[in-house]
Each structure stands twice: as C-alpha cells, then as structure tokens.
Amino acid sequence: ALSSDHLTPPATYCTEYTPHRNWSRLQMTIIYNADRHREVIFKIQGSVWPRVLPFCLFNVAITAGIWILHKSLDIHLAFDGGLGYQYMSVLVSFFIVSNVNTAYNRFWEARGFLGKALNAACMLASRAALYSSHDQSDKAHIWRAALQNRLLELVEKSMYIVQHERAAAFNLMGKIVDPDSTPFQKHGLRKSIHIQKVNKLREDALTASESSLAVDAVIFTNGKYLDTPLKVQEKMELLGRMSAFMDAHSGLLKFSTTPRPFVIVQMGRTIIFAWVFLLPFAITTNIGDTFWESTLLVFLVTYGFMGLTLAEIEMHDPLGNDENDLETDLHTNLIIVNIKDSLGANETEVTNLMSNAYRESGNYGSVESLSIA
C-alpha cells in the first residue's frame, strides 16, 4: 500500500529538485572520422598514449640497459624462455582478448539499458502530457507539475546511483546492515573514508525505489485533479513506462555493483604485467647485437599488449566520467529538458496556484485523501 509518506502533498511535489550533477562538466564520447588515419593515430584526446607511454619507455630503458651491460661489461641478463615463454604468450593473449571482448560487450549493454531507461522516462512525460492535454484547469496544472518534479527527481537520483560505483555498493550494504557491522574490507572499501558519508548517501543515492513509488502515486491520483480522469489503458501505459524505467535502472545497477570477478582480474593482470616486463630479456636474446631493432620491437609490443590492457580498464566502467565512457550526463540533461518541455510546468505559477488551493478549505483534498491503499 502507498501511504501519505510516499505521496507528498502537491505543494511539496513542485519544490524544484536540485540535481547532484555539475552540468558544466558534461562530456561527449569521443567522435572521430574513421577514414582519417592520421587523425585517428595521433589524436591525444581519449587516447591511451598518455598512460601507455611510460610503460613503453620503461621497457625500452630496460632493453637499453641489458644491451649496454652485455656490450660493455660482458654481463648477460637476457634469457631464452623457450616453450615456457611461448605458452605464457598464448595465455597472455587469451586474457587480453577475453578482457577486451568482455569490456566491449559491457559497454554496449550499458548503452542499451541507458537508452531504455531515459526513453521510458521521456515517453512517460510525453504521453502524460498528451493524455491530459484536454484539461487546462488549475488542478490539472498542479497534477502535471507534480508528475514533472517527481519524474525529474527519479531520473536524477537513478543516474547518480549508476554513475557512482562504490557509493552505490556501499549504500546497498548500508541499507541492509548496520554501518558499524558492515564488512568493509571484504568488499574492498575503507571504513575510515566511507563511514562519514553514510547519512548523506542513504538520503541521496538509495531513493530510486521511493521516487518511483511517488511517480506511480501521482499517476494514480489523476482522478482527483483532472476533470476527465485518464482511461484505464492510458493509466496502465504510464505505469508500464515507469516499470520499464525501473527494469532498465536495475540493469544499469549491475555495472555499478557487480564488477568482473576480482580473482579473474587479478590473475590476468598479474600474468600480463609479468610477461610484458620480462619481454626485454627475451627480445635481446633473440635479436642479438642490433640495438635499435631490439628497442623498437620492445616498444611496439609493449604498446600493443599494455595499450589493450589499459583500454580494457578504461572501458570497464562505461557509465563513469572518462573520455571514452558513455555521455550519461549529456543524455540525462537532454531528457530532463524534454520532460520539462512536455509537462510544461511553470514553477512560480504552479506554486501560487497550490498555495491558493490549500488556503481554501480542502478544495483539492487533504494529505490523507491522497493515500492509496
């Protein structure tokens, strides 16, 4: 049952919701022309070059040191890994290809859920405006304003949750168990850092379900505010849009709270790093006395393997704020603008209407009358 705790008086509905997001930091996913090879190769924005270059230079320096020690002091540090190193190369290739493929699939899966969630919110606002457009009374304006603000609150808070990975996971635990007994170390969290944020995160991050109930409650009360109540099929469609939004939101939550199993990531990362940093010792044995050939091959192979590893790491969280992540903030902002345009509630005008309504002896019903059993 929905009580008056979930369904606030209309005057509260229209209090403007303050978003968590800083819109000045909006970023767009990197756009490029695939036909311009030089631009693609040398573009720095969104590139892995700044992060992979130190690894390449480090391996080149090791290669140069091995070569100099061999030529100047006759100290042999190179080794021939033989079949063992070859088998390790196959294992490293398997881990890299598997990791990149998983990250790529997660990226497009997240894009699908994001599109479904925001499209459902947008369509809910558009259809609600269409189905109630015949009624331009003060009470109808109040109902549309209530729906607008509850829907904006839901969209904002839902997107906040899915974009803050550790905050979402921490709050999920904090909602179920007492913060003092939460196994922080088990989940890779440091209690000293996160315990101070419990109250704020509980209020701000884990309220999507409550906000969705409030939207449903507003839809159910249409008969009290519209001269001609919504038809059953119209009301069911709006509730269906709300259900579709929450289904997509649940799908997005797994990207915030369910990363790839740590044991697999740790094993793969350890083998990859070990193989890459042993590369100079193996290359100098096979190449012999050619210094430039050794360093060039070490540089390129390190770039290839470490570059793909770092690219997979960046794509691991497609809803973050990196340059190659999905433009979640931008899409959310566009949907918010669309919701406001569809429902068209003027904050000042509606607030005045509601104040006048509640000064008159219950013309629009009391808080208790808004309860839905």
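Parameters at a glance
Residues numbered from 1 in each chain as written. Predicted model: local features only at pLDDT ≥ 70, side-chain atom pairs only at ≥ 80, totals over all residues. Heavy atoms only, no water. Helix = DSSP H or I, 4+ residues; strand = E, 2+ residues; numbered from the N terminus. Buried < 20%, exposed > 50% of the residue type's maximum accessible area, 1.4 Å probe, protein only. Contact = heavy atoms within 4.5 Å. Areas by Shrake-Rupley, 256 points an atom, 1.4 Å probe, with all protein chains shown as cover. Salt bridge = Lys/Arg side-chain N within 4 Å of Asp/Glu carboxyl O. Core = buried A, V, L, I, M, F, W, Y, C linked by side-chain atoms within 4.5 Å. Phe/Tyr/Trp six-rings, centres within 6.5 Å; stacked < 30°, edge-to-face > 60°. Axes fitted to C-alpha atoms, helices over the stretch in contact; angles between N-to-C directions. Parallel < 35°, antiparallel > 145°, perpendicular 65-115°, else oblique. Left-handed = near helix turned anticlockwise from the far one by under 90°. Nonpolar A, V, L, I, M, F, W, Y, C, P; charged D, E, K, R; others polar. Patch = residues over 30% accessible without salt bridge, like charges linked within 9 Å, V, L, I, M, F, W, Y side chains within 5 Å. 1 Å grid on protein atoms, 1.4 Å probe; cavity = no way out; pocket = protein on both sides within 12 Å on 5 of 7 lines; lining within 4 Å. Points joined across faces, edges and corners; volume = space filled by probe spheres on them. pLDDT = per-residue confidence, 0-100. Expected span 1.5 Å × (residues − 1).

### Side note on the overall build of the protein
- Counting secondary structure elements, the protein contains 15 helices and zero strands.
- The buried share of the protein, taken over its 373 residues, is 42%.
- Looking at the protein alone, contacts between residues at least 24 apart form 84% of all its contacts between residues at least 6 apart.
- Split by element, the accessible area of the protein, about 19600 Å² in all, is 59% carbon and sulfur.

### Thoughts on the pattern of salt bridges
- A full pass over the atoms with the stated rule returns eight salt bridges.
- Of the charged contacts in the structure, one is a salt bridge between glutamate 109 and lysine 254, with a shortest N-O distance of 2.6 Å. Here the residue glutamate 109 occupies a position in helix H4 (residues 82-131), and lysine 254 occupies one in helix H11 (residues 232-257), the gap between them amounting to 145 residues.
- Residue classification places glutamate 109 among the partly exposed residues on the basis of a relative accessible area of 32%.
- Across the pair arginine 241 and glutamate 237 runs a salt bridge, and its minimum N-O distance is 3.3 Å. Placement of both arginine 241 and glutamate 237 in helix H11 is noted, with a separation of four residues, approximately one turn of the helix.
- Each of Arg127, Glu237 and Arg241 takes part in salt bridges that share partners, so that together they form one network.

### Quick look at the nonpolar core
- Trp143, Leu147, Leu154, Phe245 and Ile339 are the most contacted members of the largest nonpolar core, which totals 48 residues.
- When contributions to this core are tallied by element, the ones reaching two or more residues are H4, helix H5 (138-163), helix H9 (208-220), H11 and helix H14 (328-343).
- A per-element tally of this core places H4 first, with 14 residues.
- With sequence-adjacent residues up to four places away left out, phenylalanine 245 is seen in contact with Ala117, Ala120, Ala121, Leu154, Val155 and Ser158.
- Core analysis: the second largest hydrophobic core is formed by 17 residues, Val48, Val52, Trp275 and Met306 among them.

### Focus: the packing of aromatic side chains
- Counted by the stated rule, this structure contains 15 aromatic pairs.
- Taking 5.0 Å as the distance between ring centres and 75 degrees as the angle between the ring planes, the aromatic pair formed by phenylalanine 291 and tryptophan 292 counts as edge-to-face.
- Take phenylalanine 291: its relative accessible area is 22%, and that puts it in the partly exposed class.
- With a relative accessible area of 67%, tryptophan 292 lands in the exposed category.

### Here we look at the environment of phenylalanine 277
- Relative to the elements of secondary structure, phenylalanine 277 occurs in helix H12 (residues 262-287).
- When its relative accessible area of 25% is taken as the criterion, phenylalanine 277 is described as partly exposed.
- Separated by 21 residues in the primary sequence, phenylalanine 277 and valine 298 place their C-alpha atoms 9.8 Å from one another.
- Setting aside residues no more than four positions away along its own chain, phenylalanine 277 makes contact with Phe55, Phe58 and Asn59.

### Observations concerning the packing of H5 against H11
- Their axes nearest at 8 Å, the elements H5 and H11 cross at an angle of 20 degrees. Between H5 and H11, the angle is such that the two are roughly parallel. Seen along the crossing, H5 lies across H11 with a hand that is left-handed. Listed contacts from H11 to Leu154, Val155, Ser158, Met159, Ile161, Val162 and Gln163 of H5 are Met242, Phe245, Met246, His249, Leu252, Leu253 and Ser256.
- Of the residues in the contact of H5 with H11, the class split is 10 nonpolar, four polar and no charged.

### Points about a nonpolar patch on the surface
- A surface patch of nonpolar side chains, amounting to about 260 Å² of accessible area, comprises Leu73, Ile75 and Leu77.
- As for its position among the elements, isoleucine 75 is in the loop between helix H3 (49-73) and H4.

### Notes on empty space enclosed by the protein
- All told, the structure shown has two cavities of 30 Å³ or more when counted by the stated rule.
- Contributing elements (two or more residues each) for the lining of the second largest cavity: H4, H12 and helix H13 (291-315).
- In terms of residue count, H12 provides more of the lining of the second largest cavity than any other element does, five residues in total.

### A closer look at the environment of alanine 103
- Position of alanine 103 among the secondary structure elements: in helix H4.
- Given the relative accessible area of 1%, alanine 103 is considered buried.
- Separated by 210 residues in the primary sequence, alanine 103 and isoleucine 313 place their C-alpha atoms 8.0 Å from one another.
- Beyond its immediate sequence surroundings of up to four residues, alanine 103 is in contact with Glu312 and Met315.

### What about the confidence of the model for the protein?
- Looking at the protein as a whole, its pLDDT mean stands at 79, while 72% of the residues score no less than 70.
- Counted against residues more than four places away or in other chains, residues 191-205, with its pLDDT under 50, gives 30 contacts.

### Let's talk about the layout of surface pockets
- In this structure, the largest pocket occupies an estimated 830 Å³ of space.
- Forming the walls of the largest pocket are 25 residues, and the residues nearest its centre are Tyr32, Gly46, Ser47, Ala311 and Asn324.
- A total of seven residues in the lining of the largest pocket trace back to one element, the largest contributor, which is H13.
- Grouping the constituent residues of the lining of the largest pocket by class yields 14 nonpolar, seven polar and four charged.

### Brief notes about H13
- For H13, built from 25 residues, the straight-helix expectation of 36 Å at 1.5 Å per residue is met to within 8% by its first-to-last C-alpha distance of 36 Å.
- Taken together, the buried positions of H13 are occupied by Ser294, Thr295, Val298, Thr302, Met306, Gly307, Thr309, Leu310, Glu312, Glu314 and Met315.

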